[in-house]
Amino acid sequence: MGEKKKFSESVQRFGRTLLLPIGVLAPVGMILGISGAFVQPYMIERFAFLGNENINALLVSIRTIASVIFDNIPLLFAMGVAYGMSKKDKGISVFAAVTGYLTLIITMNVWLTLTGKMADPEVMTQVGQITVLGIQTMNISAAGGIITGLVAAWATDRFYNLELPTALAFFSGKKSVPIITIGIMIAIGACLPFIWELFVGLLMRLSVVFLSVMGPFFTAAGERLFIPFGLHHVWNALFRFTEAGGSYVIGGETFVGVVPAMNEVLFNQGPNSEYWSMMPDLTRFMAQQQMLVTLFLFPAIALAMYKTARAENKTEVKSMLITMVLTAMLGNVTEPLEFTFVFIAPLLFVVYAIIVGIGAVLLSLANVAVGYIRGTIFDFTIFGLLYEKTNWIFLVLIGAGLGVVTYFIFKWAILKYNIKTPGREESQNLDNTLIREKRYGEIADIVVQALGGRSNIDHVENCITRLRIDIKDVNVVDKNLLKKSGCTGFFFPAAKHIHIVYGPQVEFVRNAVDEALA
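Residues numbered from 1 in each chain as written. Predicted model: local features only at pLDDT ≥ 70, side-chain atom pairs only at ≥ 80, totals over all residues. Heavy atoms only, no water.

Draft legend 1. Expanded view of the overall build of the protein chain. Along the protein chain, the regular secondary structure elements total 22 helices and eight strands. Rg of the C-alpha trace for the protein chain: 24 Å, near the compact-globule value of 24 Å for 518 residues, within the 12% margin. Based on the C-alpha atoms only, the size of the protein chain along its principal axes is roughly 75 × 70 × 45 Å. Counting all 518 residues of the protein chain, 54% fall into the buried class. (Helix = DSSP H or I, 4+ residues; strand = E, 2+ residues; numbered from the N terminus. Rg over C-alpha atoms; globule rule 2.2 N^0.38 Å. Buried < 20%, exposed > 50% of the residue type's maximum accessible area, 1.4 Å probe, protein only.)

Draft legend 2. Examining the nonpolar core more closely. Core analysis: the biggest nonpolar cluster contains 48 residues, and Ile-301, Leu-321, Phe-341, Tyr-352 and Leu-395 have the highest contact counts within it. Elements with a minimum of two residues in this core: α13 (287–308), α14 (314–331), α16 (346–365) and α18 (392–416). Considering each element in turn, this core owes the most residues, 13 residues, to α13. The residues touching Phe-341, leaving out its near neighbours within four places in the chain, are Ile-301, Met-305, Pro-346, Leu-348, Phe-349, Tyr-352, Phe-410 and Thr-421. Counting residues in each nonpolar core, the second largest holds 45 residues, with Leu-25, Ala-37, Val-81 and Ala-369 among its members. (Core = buried A, V, L, I, M, F, W, Y, C linked by side-chain atoms within 4.5 Å. Contact = heavy atoms within 4.5 Å.)

Draft legend 3. Structural context of the sheet that holds strand β6 (residues 466–471). Ordered in space as β5-β6-β8-β7, the four strands form an open sheet in which the pairing is antiparallel. One side of each edge strand has no neighbouring strand; the edge strands of this open sheet are β5 (457–462) and β7 (489–494). In this sheet, adjacent strand axes meet at a mean angle of 20° when their direction is disregarded. Sheet topology places β6 next to strand β8 (residues 497–501); five bridges connect them, and they run antiparallel. What sits directly across from Asp-470, in β8, is His-497. Packing of helix α22 (residues 506–517) onto the sheet brings it into contact with β5 and β6, and relative to β5 it is tilted by some 155°. (Pairing = 2+ DSSP bridges. Axes fitted to C-alpha atoms, helices over the stretch in contact; angles between N-to-C directions.)

Draft legend 4. Looking closely at empty space enclosed by the protein. Throughout the structure, instances matching the rule amount to two cavities of 30 Å³ or more. Looking at the largest cavity, its volume works out to about 60 Å³. Lining the largest cavity are Pro-74, Tyr-101, Ile-105, Met-108, Ile-130, Val-132, Thr-137, Met-138, Asn-139, Ile-140 and Ser-141. Of all the elements in the fold, those that place two or more residues in the lining of the largest cavity are α6 (90–114), β1 (129–132) and β2 (135–138). The class makeup of the residues in the lining of the largest cavity is eight nonpolar, three polar and no charged. (1 Å grid on protein atoms, 1.4 Å probe; cavity = no way out; pocket = protein on both sides within 12 Å on 5 of 7 lines; lining within 4 Å. Points joined across faces, edges and corners; volume = space filled by probe spheres on them. Nonpolar A, V, L, I, M, F, W, Y, C, P; charged D, E, K, R; others polar.)

Draft legend 5. Up close: α14. An ideal rise of 1.5 Å per residue puts 26 Å on 18 residues; α14 measures up with 25 Å between its terminal C-alpha atoms. For α14, every residue scored as buried is listed here: Val-317, Met-320, Leu-321, Met-324, Val-325, Thr-327 and Ala-328. What you see down the axis of α14 is that its buried residues fit within an arc of 150°, all on one side. Lining the buried residues of α14 we find α13 and α15 (335–338). Once α14 finishes, Asn-332 follows within two positions and takes phi at roughly 70°, a positive value. (Expected span 1.5 Å × (residues − 1). Arc of directions from axis to C-beta.)

Draft legend 6. Spotlight on the environment of Leu-365. Following the sequence through the fold, Leu-365 ends up in helix α16. Counting along the chain gives 261 residues from Leu-365 to Leu-104, while the straight-line C-alpha distance between them is 41 Å.

Draft legend 7. The arrangement of the packing of α13 against α16 in detail. Two elements in contact, α13 and α16, have axes whose closest approach is 10 Å; the angle formed by their N-to-C orientations is 130°. One finds that α13 runs oblique with respect to α16. The two elements α13 and α16 cross, and the hand of that crossing is right-handed. Of α16, the residues touching α13 (which contributes Gln-288, Gln-289, Leu-292, Val-293, Leu-297, Phe-298 and Ile-301) are Tyr-352, Ile-355, Val-356, Gly-359, Ala-360 and Leu-363. Across the contact of α13 with α16, the residue classes break down as ten nonpolar, three polar and no charged. (Parallel < 35°, antiparallel > 145°, perpendicular 65-115°, else oblique. Left-handed = near helix turned anticlockwise from the far one by under 90°.)

Draft legend 8. Structural view of the pairing of strand β4 (residues 253–256). Pairing analysis gives four bridges linking strand β3 (residues 247–250) to β4, with the strands arranged antiparallel. When the sheet's bridge partners are listed, Tyr-248 is paired in β4 with Phe-255. In sequence, β3 turns back onto β4 through a hairpin of two residues, with Gly-251 there showing a positive phi of about 60°.

Written out as structure tokens, the structure reads:
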């Protein structure tokens, strides 16, 4: 049981580590989206000032500078995974990941050379090869970075305190980590080409499901169902960056996964290219699914909760629900509202996930081509309204229709089964004053005290919305005191492990807790 729990926690931590590189890709993608849209011929026709030589040169330059991030996605994942997975020394882990990734791609370059499989640059993408950091190598996309990051994190935690004989003492401790990582990555780089074909074959079989008509149902509904377990980032990465999401030939180049293909069509080819017709097949797995939730279903769910709240609680409930909806619309963070009913009404949450899945299929059938990674109102404006041929009106129509259905389903279920959503308990603690006023120090003091003090806290981490804390004895946790910290909820996903939900400000709460424990 202990090993099973440890494995489960490692998988959840791995999912959280993917947020760091994805968190970089999202805002840079918005910059690319804006600059890419404004240099399109149809935009210049609409707004003549965009045709000004200096303005056009500035926009093209911004797009070129921002594109360097997307040209090196595997390296970002190597560093992000190493940082997130290492527990001992995150700095040396990231350094080892960089050296390890460079070693991986050059080792595969050597393998291609020795086996005579090095392709000509003109056709290399058609045979699964790519140039990364000036090195022609096998195209294993973000998977290569993830593998390297995991190896670097393991090597750091295992060897950061390694003692060597006196003659080799200079290479002891932290210096040994990148050296060991390099050695391991040489071995992986030499073996990976042999097993990669088998792995690609398995993912291609999985892609048959994802790329079917019902594919968006599984990806969208699956994401919602994985959220309570913290595994939705792992689920999303599967079809975004691997063959499970398909391989796409664009301009003679092969792009593996949905995100790389979308980057090329959205930011380089544009709506007037022949490849724009591929966009509905790509976006059906991406942000337009999330926009259904953040822009349409969430307001409906919040309204149902407000209408069914006790009269004396409606004022406070209204403020809290508006905050939760705006957090999703503006920041793409959905957990605060979802956590108000997922654990007290899991069957209702399953129904909610099914609605999202159905909506995703309807968007796909309507050839909607809106969005990138995030589902905010800003993304809808940039990638839906600024770009042509996105069929954004169908997102509004389908979203509005499902919003009405969701409202009546939630209102009926809450009243029928007396679900204790916010405002329906006789005694409510809905005061989020501490969070609203950013009094993180006070929050940290309450959290530490409520969890039994410093001596009862083993390890503190956070994801995008939650504190994740290992504790020694759950029996000493003061739940009533914890509610006064301004959290929107907490639960115990495993023995001696608690999740406390604070929303997007959780990182500042985490920093304050770390300081309180220091």
